[in-house]
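Listed here are the chains, written in short residue letters.
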Amino acid sequence: MNITEKLIKSHLVSGEMIPSKEIAIKIDQTLTQDSTGTMAYLQFEAMGIPRVKTEKSVAYIDHNTLQTGFENADDHKYIQTVAQKHGIYFSKPGNGICHQVHLERFGKPGKTLLGSDSHTPTGGGIGMLAIGAGGLDVAVAMGGGAYYLAMPKVCHVVLTGKLNPWVTAKDVILEVLRRLSVKGGVGKVMEYGGEGVKTLSVPQRATITNMGAELGATTSVFPSDAVTKAFLTAQGRADDWIELKADDNAIYDEEIIIALDEIEPLVACPHSPDNIKKVRDISGIAVDQVAIGSCTNSSYTDMMTVAKLLKGKTINPNVSLVIAPGSKQVMNMLAANGALADIISAGARILECGCGPCIGMGQAPATNAVSLRTVNRNFEGRSGTKSAQVYIVSPETAVASALSGVLTDPHTLGEAPLVSMPDHFMVNDNLIIPPAPEGQCVKVVRGPNIQPFPKNTKVPKDISGTVLIQVEDNITTDHIMPSNAKLLPFRSNVPYLADYCLTPCDPDFPARAKKANGGFIVAGQNYGQGSSREHAALAPLQLGVKAVIAKSFARIHMANLINNGILPLVFVNEWDYDTMKVNVQFTIKYAADQIKGAAEGQIVQITNVQTGEDIPVKLNISERQRDILLAGGLLNYTKANNQ
Ligand code: MIC
Ligand code: SF4
């Protein structure tokens, strides 16, 4: 078996391990962050389970840390108290980004991790089966329920050779994105192997598994080996290590070979992580802002490299350099060894340990500005400025450019600095609050920002409505439910958020949907790529959206739609996309019967009310998903099954 099969087999609850067939796995650990966490805990509370049933569940505060009003602080209070009550560890704001801290303090090779954040696969860097999901799926897992997914294909990414100086893990994953695109990983686990693996440290591996999310992959995983053992030992967690490797005769569904020594510094150009060029081919572009951090590149070794490159220098006068170390541990170590002083004296602006600019919480660039970032996503407008041009680069390229003022290949800096992994990380978990032993005494605090979330109802006889919007390929959940410093504080207030749903594509969409009393969304390929935010399903639900008809869907978003009782329909003939124009009225007759038939492989027909013409669509669902849709969503289904 390969590593993926071993991890799945040891957690399999039901189903057969045949690619694309539905399987259910036991979840050992969960993580949430604040922007998806409020909803996950409201849903967990609605399930009425007193204590989490996982081995470890952790609630992080890292996204909404810009407290411009009471809203974020309210959410933090709610999450802290709900966590205390129900047996969940609470990582306070300032302690760092969920994925970085989880890797440092909680992740364990061989375990499963389900997180309400699409970059949860970061844990694959230490041999976890770490998967991103919607909040409701995480809530169910906290309650001891299995996680259902399509058995992925396993793509063996064979790494050969060794990275040259100035070439980084970021460049490796950008190379994978260049080859496979943002759709290339759909339905797959990217399993890394080959001789090159042992040359990569845990933070480097984690950068690669983190950005596997941008491939649309179910997750990515590295073996757990001596390098993993050394990392966990340095974290004071040697006992958490187990070895995990593929059998010598393991079989894979696909294979790609990456020669590490042939990679050069790469850059993802606006506005997609797969729009890859060589840095040297487009160097010289004037840069206004450089942001270093995010769950992809904010480890101790990343930050030490940055500090060494900045030491004794001053950044270019036209550049604003902002740096957010990934965790309190990283920040503490930089402060203790003097590296922070080198960063500060070069002119960098230091941000608290959190997501910050990556999710548009502050540091929105100027109009038309060029911003180089070490983040994982450069979707249009995500930085908070629609006209900004965001390029994704490694920390090394980021510093070289911050110093010169133009996009610069780091080779121009001379000899690459040597940064080694520490033998001991500075361990101080004083911002992690363990749950109360007797949870029933804890009072959950709910401020006015915590609003009830929309719930769907059983499928009606016919599902009718007009097409409310028609959007192109690769629409992200940042389009469907934008996030920025103004909107993120309302993640626990879906009625408010709904007024911004799909507005980057069409500012009139919410008003049109309300006026029409709901209807259908028509979309191209890979609809809903990117973030796991289930608000991208909840906000349409609030506006009465009944079905999305797309050429194809991204995995997490499709699950979120089903969990909320919205039909994810796929065109049988892609040319029918053109006939489903805005304002045209359609109906799905005998919807329940058609949904039942679809689970057995039958085609669903959507009828054009005016012409009577039928459009054939597919609903690629399992029997369980059929029952969830018929019940009007996972909460209704779970309640009905628990009675
Ligand atoms: C993101 O990077 O887009 C986020 C913000 O971390 C999201 C979660 C969210 O929308 O809250 C993700 O990646 O899932
Ligand atoms: Fe936070 Fe950005 Fe990572 Fe999302 S991608 S978890 S916003 S740092």
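Note that this is a predicted model, so its numbers are computed, not measured. (Residues numbered from 1 in each chain as written. Chains lettered and ligands numbered in written order. Predicted model: local features only at pLDDT ≥ 70, side-chain atom pairs only at ≥ 80, totals over all residues. Heavy atoms only, no water.)

J.: Teacher, can you tell me more about the overall build of the protein chain here?
T.: Helix and strand content of the protein chain: 21 helices and 27 strands. The C-alpha radius of gyration computed for the protein chain amounts to 24 Å, which stays within 12% of the reference 26 Å derived for 643 residues, consistent with globular compactness. Taken along the three principal axes of its C-alpha coordinates, the protein chain extends 70 × 55 × 55 Å. A burial count over the protein chain gives 63% of its 643 residues as buried. Across the protein chain, every contact between residues at least 6 apart in sequence was considered, and the portion connecting residues at least 24 apart equals 76%. Put simply, the protein chain shows about 22600 Å² of open surface, and 50% of that area lies on carbon and sulfur atoms. Counting 58 positive and 61 negative side-chain charges, the protein chain places the averaged centre of each group 5 Å from the other. (Helix = DSSP H or I, 4+ residues; strand = E, 2+ residues; numbered from the N terminus. Rg over C-alpha atoms; globule rule 2.2 N^0.38 Å. Buried < 20%, exposed > 50% of the residue type's maximum accessible area, 1.4 Å probe, protein only. Contact = heavy atoms within 4.5 Å. Areas by Shrake-Rupley, 256 points an atom, 1.4 Å probe, with all protein chains shown as cover. Lys, Arg positive; Asp, Glu negative; His and termini not counted. Charge placed at Lys NZ, Arg CZ, Asp CG, Glu CD.)

J.: Help me out: how do you make sense of the packing of aromatic side chains in this one?
T.: The description of an aromatic ring pair uses the distance of the two centres, along with the angle that the planes make with each other. Taken as a whole, this structure holds eight aromatic pairs when the rule is applied. Where Y192 meets F222, the ring centres are 4.7 Å apart and the plane angle is 5°; that geometry is what we call stacked. Taken as a pair, Y192 in strand β10 (residues 188–193) and F222 in the loop between β11 (219–221) and α8 (226–234) lie far apart in primary sequence, 30 residues in all. For the pair Y192 and F222, one class covers both residues: buried. An angle of 75° between the planes, with centres 6.4 Å apart, marks the rings of F571 and Y577 as edge-to-face. (Phe/Tyr/Trp six-rings, centres within 6.5 Å; stacked < 30°, edge-to-face > 60°.)

J.: I would appreciate a short explanation of unusual backbone geometry in the present structure.
T.: As a rule of thumb, non-glycine residues mostly have phi less than zero, and peptide bonds are mostly trans rather than cis. In this structure, the amide linkage connecting P270 to the following residue, H271, adopts the cis form with an omega of -5°. On the secondary structure map, H271 appears in the loop between β13 (266–268) and β14 (276–278). You will see that Q363, though not glycine, has its phi angle at about 60°, which is positive. Here Q363 lies in the loop between β17 (349–350) and β18 (370–373). The residue N517 is not glycine, and still its phi comes out positive at about 60°. Along the chain, N517 falls in the loop between α16 (509–515) and β22 (519–523).

J.: Just checking my understanding: could you explain the pairing of β10 for this structure?
T.: Each regular strand displays side chains that alternate between the two surfaces of the sheet. Buried residues dominate β10, accounting for six of its six residues. Side chains K188, M190 and Y192 of β10 all project onto a buried face; the interleaved residues V189, E191 and G193 project onto the opposite face, where all are buried too. A crossover links strand β9 (residues 153–160) with its parallel partner β10, the connecting element being helix α6 (residues 169–180), and its sense is right-handed. Note that β10 and β11 share three bridges and pair parallel. Note on β11: the bridge partner recorded for V189 is T219. (Right-handed = clockwise from strand over helix to strand, strands pointing away. Pairing = 2+ DSSP bridges.)

J.: Whenever I open this one, the site of ligand 2 confuses me. Can you help?
T.: The full set of residues close to ligand 2 is H63, H99, D117, H119, S294, C295, C355, C358, I359, N376 and R382. Here the shell around ligand 2 is composed, by residue class, of four nonpolar, five polar and two charged. (Near = heavy atom within 4 Å. Nonpolar A, V, L, I, M, F, W, Y, C, P; charged D, E, K, R; others polar.)

J.: Would you mind showing me how to read α6 here?
T.: Given 3.6 residues per helical turn, the α-helix brings residues three or four places apart onto the same face. A rise of 1.5 Å per residue sets the reference length of α6, with its 12 residues, at 16 Å; its end C-alpha atoms lie 17 Å apart and thus fit the reference within 8%. Within the span of α6, buried status applies to A169, K170, D171, V172, I173, L174, E175, V176 and L177. With a side-chain oxygen lying 3.2 Å from the backbone nitrogen of K170, the N-terminal cap of α6 falls on T168. Downstream of α6 by a residue or two, S181 has a phi angle that is positive, lying close to 75°. (Expected span 1.5 Å × (residues − 1). Polar contact = N/O pair within 3.5 Å; in protein donor to acceptor, adjacent residues only side chain to side chain.)

J.: What is the right way to read the sheet that holds strand β7 (residues 129–132) from this model?
T.: By definition, the strands of a sheet pair up through backbone hydrogen bonds, in either a parallel or an antiparallel sense. Across the sheet, six strands lie side by side as β7-β6-β3-β4-β5-β20; this open sheet has mixed pairing. Single-partner strands in this sheet number two, and they are β7 and β20 (432–433). Relative to β7, strand β6 (residues 112–115) runs parallel, the two sharing four bridges. Looking at the pairing, T112 lines up with L129 of β7. Running over the sheet, helix α3 (residues 70–86) touches β4 (56–60), β5 (89–91) and β20 and is turned about 155° from β5. (Axes fitted to C-alpha atoms, helices over the stretch in contact; angles between N-to-C directions.)

J.: Explain the nonpolar core to me, please; I cannot follow it from the model alone.
T.: A general tendency of soluble globular proteins is for nonpolar side chains to be buried together. Membership of the largest hydrophobic core comes to 104 residues, with the highest contact counts inside it found for I25, F509, Y527, I549, L569, M580 and I588. Looking at this core element by element, the count peaks at six residues for helix α5 (residues 135–142). If we skip the residues at most four places from it in the chain, I25 touches I8, H11, L12, V13, T112, L129, I131, A146, Y147 and L149. Listed in part, the 56 residues of the second largest apolar core include L103, W166, I323 and L407. (Core = buried A, V, L, I, M, F, W, Y, C linked by side-chain atoms within 4.5 Å.)

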